[in-house]
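Secondary and tertiary structure notes
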Amino acid sequence: MESVQSVERAMAILASLSHADRDGRRLIDIAADTDLRKATAHRILNTMAQDGLVAQDEVTGRFHLGFGLFALGFAAVNRYGLIDLANDSILRLTTESEDTVYLSVRNATEAICVDRATGAFPIKTLTLRVGDRRPLGVGAGSLALLAWLPGEEIERIIEANSSRLENYASFDAETLLRLVGESRRRDHTFNDQMLIPGMRAIGVPVIGKDGRAVASLSIAAIASRMDSKRRTRLARLLSEEAETVAKRLAEATDGLTESSIRRLLPDLT
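This text gives an overview of the structure that appears in the document. (Residues numbered from 1 in each chain as written. Predicted model: local features only at pLDDT ≥ 70, side-chain atom pairs only at ≥ 80, totals over all residues. Heavy atoms only, no water.)

Regarding the nonpolar core
Counting 29 residues, the largest nonpolar core has Leu103, Val206 and Leu217 as the members making the most contacts within it. Counting residues per element, the ones that place at least two in this core are helix 5 (82-97), strand 3 (100-107), strand 4 (110-117), strand 7 (199-207), strand 8 (213-222) and helix 10 (228-253). Top contributing element to this core by residue count: helix 10, with eight residues. (Core = buried A, V, L, I, M, F, W, Y, C linked by side-chain atoms within 4.5 Å. Buried < 20%, exposed > 50% of the residue type's maximum accessible area, 1.4 Å probe, protein only. Helix = DSSP H or I, 4+ residues; strand = E, 2+ residues; numbered from the N terminus.)

And the structure:
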């Protein structure tokens, strides 16, 4: 029981430190947060500091979370990769839609397809292979990664991709800005045969804690399978699974951000 109590006290101290700002936390504040005597809190802090779980600033005397916790967290994150964490959602989407589902992430000014799964419908829309890259905004999943960024960043990305957009006849800066606005209003993206005649796709962002897209899920199908009624249904399914993926990723990374997603992926360079 004494060992269990010590673990509980240590966890309470770590929780207190997790709410500290960059200046760290004073011993008196940690003791107040945890209902511990200062001497008890200080003894536990010193023990955790020996293992690198806690660090004390030599000048201010304030305490911070230690680098050892980062190493432990990184090991936990890498037990499962992004694809593993999103796999259940992707399989449910392929089962429900019977069409092709894509998982994409952002790398600077482009989108990268990191996973693809096909449904049971006999006509496949395999417009992307795993590893394929496109300028942000070109395609339903790529547009979802662009549209949920801050406005100024969207404009910078479109400008940076101006020369690459010349390779896509249906896409230019004005068109992308229009598509961004339409996507945000309807809460999903829609590619209406802009890349390949006879193919339509819809996409949704996986939203991180700062409101930015950290990944995207999209479904592609032949145009006849993407009428407005079915798009509404598929958009709802995508949104539900995007929320599920976001929750699983947030649990794995202790705060879902673009940089934390990159740690779940192989080298994207």
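There's more to say after this.
Some thoughts on the sheet that holds strand 3
Taken together, six strands build an open sheet; the order of strands is 5-4-3-8-7-6 and the sheet is antiparallel. Strands with a single pairing partner mark the edges of an open sheet, and in this sheet they are strand 5 (133-135) and strand 6 (189-192). Neighbour-to-neighbour, the strand axes of the sheet open up by a mean angle of 30°, direction not taken into account. Here strand 4 runs beside strand 5; their pairing, made up of three bridges, is antiparallel. Note that in strand 5 the partner of Ile112 across the bridge is Arg133. Sitting on the sheet, helix 6 (residues 140-147) touches strand 3, strand 4, strand 5, strand 6, strand 7 and strand 8, and the angle it makes with strand 8 is about 150°. (Pairing = 2+ DSSP bridges. Axes fitted to C-alpha atoms, helices over the stretch in contact; angles between N-to-C directions. Contact = heavy atoms within 4.5 Å.)

Examining empty space enclosed by the protein
Where empty space is left in the structure can be found by rolling a water-sized probe over the atoms. Tallied over the full model, the rule gives three cavities of 30 Å³ or more. Considering only enclosed or pocket space, the largest cavity measures out at about 170 Å³ in volume. As for the largest cavity, its lining consists of 21 residues, of which Leu128, Arg134, Gly139, Ala140 and Gly141 are closest to the centre. Among the elements of the structure, strand 3, strand 4, strand 5, helix 6, strand 7 and strand 8 are those that each provide at least two residues to the lining of the largest cavity. (1 Å grid on protein atoms, 1.4 Å probe; cavity = no way out; pocket = protein on both sides within 12 Å on 5 of 7 lines; lining within 4 Å. Points joined across faces, edges and corners; volume = space filled by probe spheres on them.)

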